[in-house]
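The lines below spell out each chain.
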Amino acid sequence: MIDMSPNIVLVVTIGVLFAAGVYLLLERSLSRVLIGVILIGNGANLLFLVAGGAAGRPPIVGDEPERQMSDPLPQAMVLTAIVITLGMTAFLLALAYRSWQLHRHDEVQDDVEDRRIAHLAAVDERAFADLDTEVAAGTLDEEAAEARDETDQGAPGTVREVRP
Amino acid sequence: MTDYTWLVPLPVVIPLSAAGLALALYRRPNVQRFVTVVALALVLVASVALLVLADDGPLVVDVGGWAAPVGIDLVADRLSALMLTISSAVTLCVLLYSLAQGNEDDEESAPVSIYHPTYLVLTAGVANAFLSGDLFNLYVGFEILLAASYVLITLGGTGERIRAGTIYIVVALLSSVLFLVAIAMIYAATGTVNLAQLALRLPEIDPGVRLVLQVLLLLAFAIKAAVFPLSAWLPDSYPTAPAPVTAVFAGLLTKVGVYAIIRTQTLLFPDGRLDDALMWAALATMVIGILGAVAQDDIKRLLSFTLVSHIGFMVFGIALATDLGYTAAIYYVAHHITVQTALFLVVGLVERAGGSTSLTKLGGLAKLTPVLAILFFIPAMNLGGIPPLSGFLGKIGLIEAGVQLGTPLAYVLVVGSVVTSLLTLYALVKAWNKAFWQTPEEPRPPVRLPFGMVAPTAALIVVGLMLTVAAGPLYAYTERAAVSLTERTPYVDAVLPDGERGQGVSADVAEEQPEGQP
C-alpha cells in the first residue's frame, strides 16, 4: 500500500494560495485578477503533488528500487499545467496592457448594454422603443468610454442614479 | 475486416498540422485560405467515415502504442463521432462564410494571417475534446480550444472586445482551474485519469468522496456549458466578437461542455445522485435564460440569451438519465449546434444589410432583402420548435422522456420546457417584426449580400433541415448512442479489452502483472 497521507505544509500552503487567489480574483483591476489567477493556478499545481502521494526517489527504472520511487505521472501533468498557465498569463498580461493603452487604466468595465437594460427595468420602461419614442443617442463605444465602475462618482448613465 | 483505427486521430492531427502550415505561410493569404479549406474538408470526410464505422462499436487508438491506462487513448464511439461530424460540418460552413466576408471587407475585420491558424487550432481542440478517452487529455483539449478562442474573441483589440474578452478569459481560466483541481482529486482517489479505468474504479471508492468529485467536475463543465447560475459570462462576452466567431463559439464551445457533462455523467457517475439538482439547474437555465432574451434589444444579445436558455433543454435530457432522455438530449445537441450557428451567421448578414444589430434601429429588411428574411425565418422557427422542424422533434423527444419518467419534478420540467419554447417563439417573432417589418427610421440604400456569405449560411440551414428529413435514421442513431452510453460496457470493453490493459505495448508492466495478481 502506498503512503497517501498528505503533507500538512503542502495542504496549508494550497489553502492559503487559493484563499488569496480568490480574494484577488474579485478585484476590479486586471493586474490583480492576473495575480489571483497565478496564485490559484499554483495552488492547483501543488494539489497535484499531494495527489501523487509521498515524495520518493527519482522514477528512473533500473537506478532506484521501484518501491521507493515517487509517482511520475502527476509531475508530468503538473508540467503540462504549468506551461498552459504560463501561456494564459502572458495573454492576460497583454490584455491588461492593451486595456491600459486604450483607457489609461486596466479596470474591467461593466457591460454597457447590460446596464442600459437594467436602467430600463429600474424605470419600468419597455426593453425596446417604437418609432415615436426618443432613443438615447450615442454608440456603445462612446458610452463605454464614459462608464466605469463603482469607484466613479456618479458617471452619467450609471444605474446608481436611477435608484432612489 | 480492415482496421480503420488510423482514422481516429485525423480530426486532431490534420487541423493542428494545417495550423502550423498556415502560420508559416502568413505572407501568402491565398495559399493559407486553400490550406484551411482543404484541412477542414478532410476533417469532415474523416468524421463522416468515423460516424459510419463507430456504429459497429467504438474505435480506439492507444496514442504512441502505449497501452491504455498508462498511455493516452482516443475513443470514437457513436456520441463522439456524431458530435465530431456535426461540428466539422459547422466549422467548414463558418470558415467559408468568413472567407467571403474577408474578401468583401478589408483585412481589418478578419486578419487572415492570424485568423486562419487560430481557427484551425480551435477545431483541433474541439475534436480532441470529443475524442479524448482520458480526463487529462480532455483538459488539454479544452485548453487548446480555449486558448484559440481567447485570440478569436479579442481579434482586432478594440475597447469593446477587450472588455468582453477579459470577462470571458477570466471565467474560462477559473473553470479550467476547477477542472484541474477535480483531476488532481480524482487521481489522488483512484490513481488513474483514464475514463474507462475510472468507470471501473470509481464505484469502489467512498460514496462521499465520489460525490465531491462529481460536483467538482460538473461545476467545471457547467461553467463552460453556461448552465444557469454559472452562465452570466456568456451574454456579456459573445456578442462583441465578429459574426463568424460568435457563430462558431455559440454553436460549438458550449456544446463541448455539454458533451463533457454527458460523458462523465454516464460513464463515471451512473448512480445519478445529482440528477434532481441538475433538473433544477436545467429549469432555471431554461426559464431565466429566455426571460433574459425577452428583455433584450440587441439581436446578438437576444440570441446569446436564447443560447443559454436552450442549454437547459440538453441538461434536462441529461438529468432524466434514461435512455430516452439521453437520446433526445443528443439529438437536441446536434439540432442546436446547427440552428444556433446558422442564426448567428444570419445576424451577421442582418448587420451588414441593416447597419446595426439594435432592434430599434433595424427595420424594413423584408422588403430590402427577401432572401435574408427567409434565411432568418427558417432557423428562427426551428429554434422556437415549430413542427415539423428538428427543434420540434428534439423538444417532443425531451417531453416524452420527461413524461415517461413521471416524477413530479419531471412534470415541472416538461411544463417549464413548453413555456420556454413559447417564450423563445415570442422573442424571435418580436425580433422578426422589428428587424424585418418595422418601418425603418431612415430608408437604407438597397444592398447586395455577397453570394459567398449567403451560400454557406443557406448550406447550414439546409443541414438543419436535413436533421428533420433524416430524423428517423438520426434519431435511431442517437438512440443506439444513448443505449451504449447507459450500458457503459461497450466503451470500457473497447478501451480495456481484457479489463486490465489497452491494445498498445507496455512490456514492463506486463512483466510485473503476475506479481500484482497472485
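Residues numbered from 1 in each chain as written. Chains lettered and ligands numbered in written order. Predicted model: local features only at pLDDT ≥ 70, side-chain atom pairs only at ≥ 80, totals over all residues. Heavy atoms only, no water.

**Regarding the interface of chain A and chain B**
Tallying the contact residues gives 46 residues for chain A and 45 residues for chain B. Between chain A and chain B, a total of about 3,800 Å² is buried, with carbon and sulfur atoms accounting for 72% of that surface. Linking chain A with chain B are 0 salt bridges. Between chain A and chain B we count 1 residue pair in polar contact (both at pLDDT 80 or more) in total. Going through the elements one at a time, α1 (8-25), α2 (30-51), α3 (72-103), α4 (112-122) and α5 (140-146) of chain A are the ones with two or more residues in the side of chain A that touches chain B. Per-element accounting of the side of chain A that touches chain B gives the leading share, 14 residues, to α3(A). Considered class by class, the residues forming the side of chain A that touches chain B number 28 nonpolar, 7 polar and 11 charged. (Contact = heavy atoms within 4.5 Å. Buried area = accessible area lost by both parts, 1.4 Å probe. Salt bridge = Lys/Arg side-chain N within 4 Å of Asp/Glu carboxyl O. Polar contact = N/O pair within 3.5 Å; in protein donor to acceptor, adjacent residues only side chain to side chain. Helix = DSSP H or I, 4+ residues; strand = E, 2+ residues; numbered from the N terminus. Nonpolar A, V, L, I, M, F, W, Y, C, P; charged D, E, K, R; others polar.)

**Let's talk about the packing of helix α13 (residues 323-354) of chain B against helix α19 (residues 471-487) of chain B**
All names here are of chain B. It is the contact of α13 with α19, at a shortest axis distance of 8 Å, that shows an interaxial angle of 125 degrees. Overall, the two elements α13 and α19 adopt an arrangement that is oblique. In this structure, the crossing between α13 and α19 has a hand that is right-handed. Side by side, α13 and α19 meet where D323, Y326, T327, A328, I330 and Y331 of the first sit next to A471, L474, Y475, T478, E479, A481, A482, V483, L485 and T486 of the second. Class assignment of the residues belonging to the contact of α13 with α19 gives a composition of 11 nonpolar, 3 polar and 2 charged. (Axes fitted to C-alpha atoms, helices over the stretch in contact; angles between N-to-C directions. Parallel < 35°, antiparallel > 145°, perpendicular 65-115°, else oblique. Left-handed = near helix turned anticlockwise from the far one by under 90°.)

**A short note on the side chain of T166(B)**
As for its position among the elements, T166(B) is in helix α6 (residues 159-190). Exposure remark for T166(B): the relative accessible area of 4% places this residue in the buried category. Ignoring anything within four residues of it in the chain, the contact list for T166(B) reads L30(A), L95(A) and V108(A). (Buried < 20%, exposed > 50% of the residue type's maximum accessible area, 1.4 Å probe, protein only.)

**Digging into helix α15 (residues 370-384) of chain B**
For an α-helix, the turn length of 3.6 residues means that residues three or four places apart are oriented alike. Residues and elements named next belong to chain B. Between the first and last C-alpha of α15 there are 21 Å, a value that for 15 residues agrees with the 21 Å anticipated at 1.5 Å per step. Of the positions making up α15, those classed as buried are L372, A373, L375, F376, P379, A380, M381, N382, L383 and G384. Considering only its buried residues, α15 is in contact with α12 (299-320), α13, α14 (365-368), α16 (390-405), α17 (408-437) and α18 (451-469). Residue G385 follows α15 closely and has a positive phi angle near 85 degrees. (Expected span 1.5 Å × (residues − 1).)

**Topic: unusual backbone geometry**
Residues and elements named next belong to chain B. The linkage connecting P387 with the following residue, P388, adopts the cis geometry, with an omega of 5 degrees. As for its position among the elements, P388 is in the loop between α15 and α16. Despite not being glycine, R488 shows a phi value in the positive range, around 70 degrees. For R488, the location among the structural elements is in the loop between α19 and α20 (489-495). According to the relative accessible area criterion, R488 is buried, its value standing at 18%.

**Description of the confidence of the model for chain A**
Residue and element names in this part refer to chain A. On average, residues of chain A carry a pLDDT of 77, and 73% of them reach 70 or more. Across chain A, the secondary-structure element scoring lowest on mean pLDDT is α5, at 63, and the one scoring highest is α1, at 92. Low pLDDT (under 50) marks residues 154-164, which in the prediction has 14 contacts with non-local residues, meaning those over four places away or in another chain. (pLDDT = per-residue confidence, 0-100.)

**Here we look at empty space enclosed by the protein**
Left-over empty space is what a probe sized like a water molecule reveals as it rolls over the atoms. If you walk through the whole model with that rule in mind, you get 8 cavities of 30 Å³ or more. Its boundaries defined by the atoms lining it, the largest cavity holds a volume of some 120 Å³. Around the largest cavity, the lining comprises 13 residues; the ones closest to its centre are L146(B), Y168(B), A172(B), K224(B) and W233(B). At the level of secondary structure, the elements contributing two or more residues to the lining of the largest cavity comprise α5 (135-153), α6, α8 (207-225) and α10 (243-268) of chain B. Ranked by residues supplied to the lining of the largest cavity, first place goes to α6(B) with 4 residues. Classifying every residue of the lining of the largest cavity by side-chain character gives 10 nonpolar, 2 polar and 1 charged. Volume-wise, the second largest cavity comes out at about 100 Å³. Surrounding the second largest cavity, V37(A), G41(A), I84(A), T85(A), M88(A), Y139(B), E143(B), L173(B), S176(B), V177(B) and L180(B) form its lining. (1 Å grid on protein atoms, 1.4 Å probe; cavity = no way out; pocket = protein on both sides within 12 Å on 5 of 7 lines; lining within 4 Å. Points joined across faces, edges and corners; volume = space filled by probe spheres on them.)

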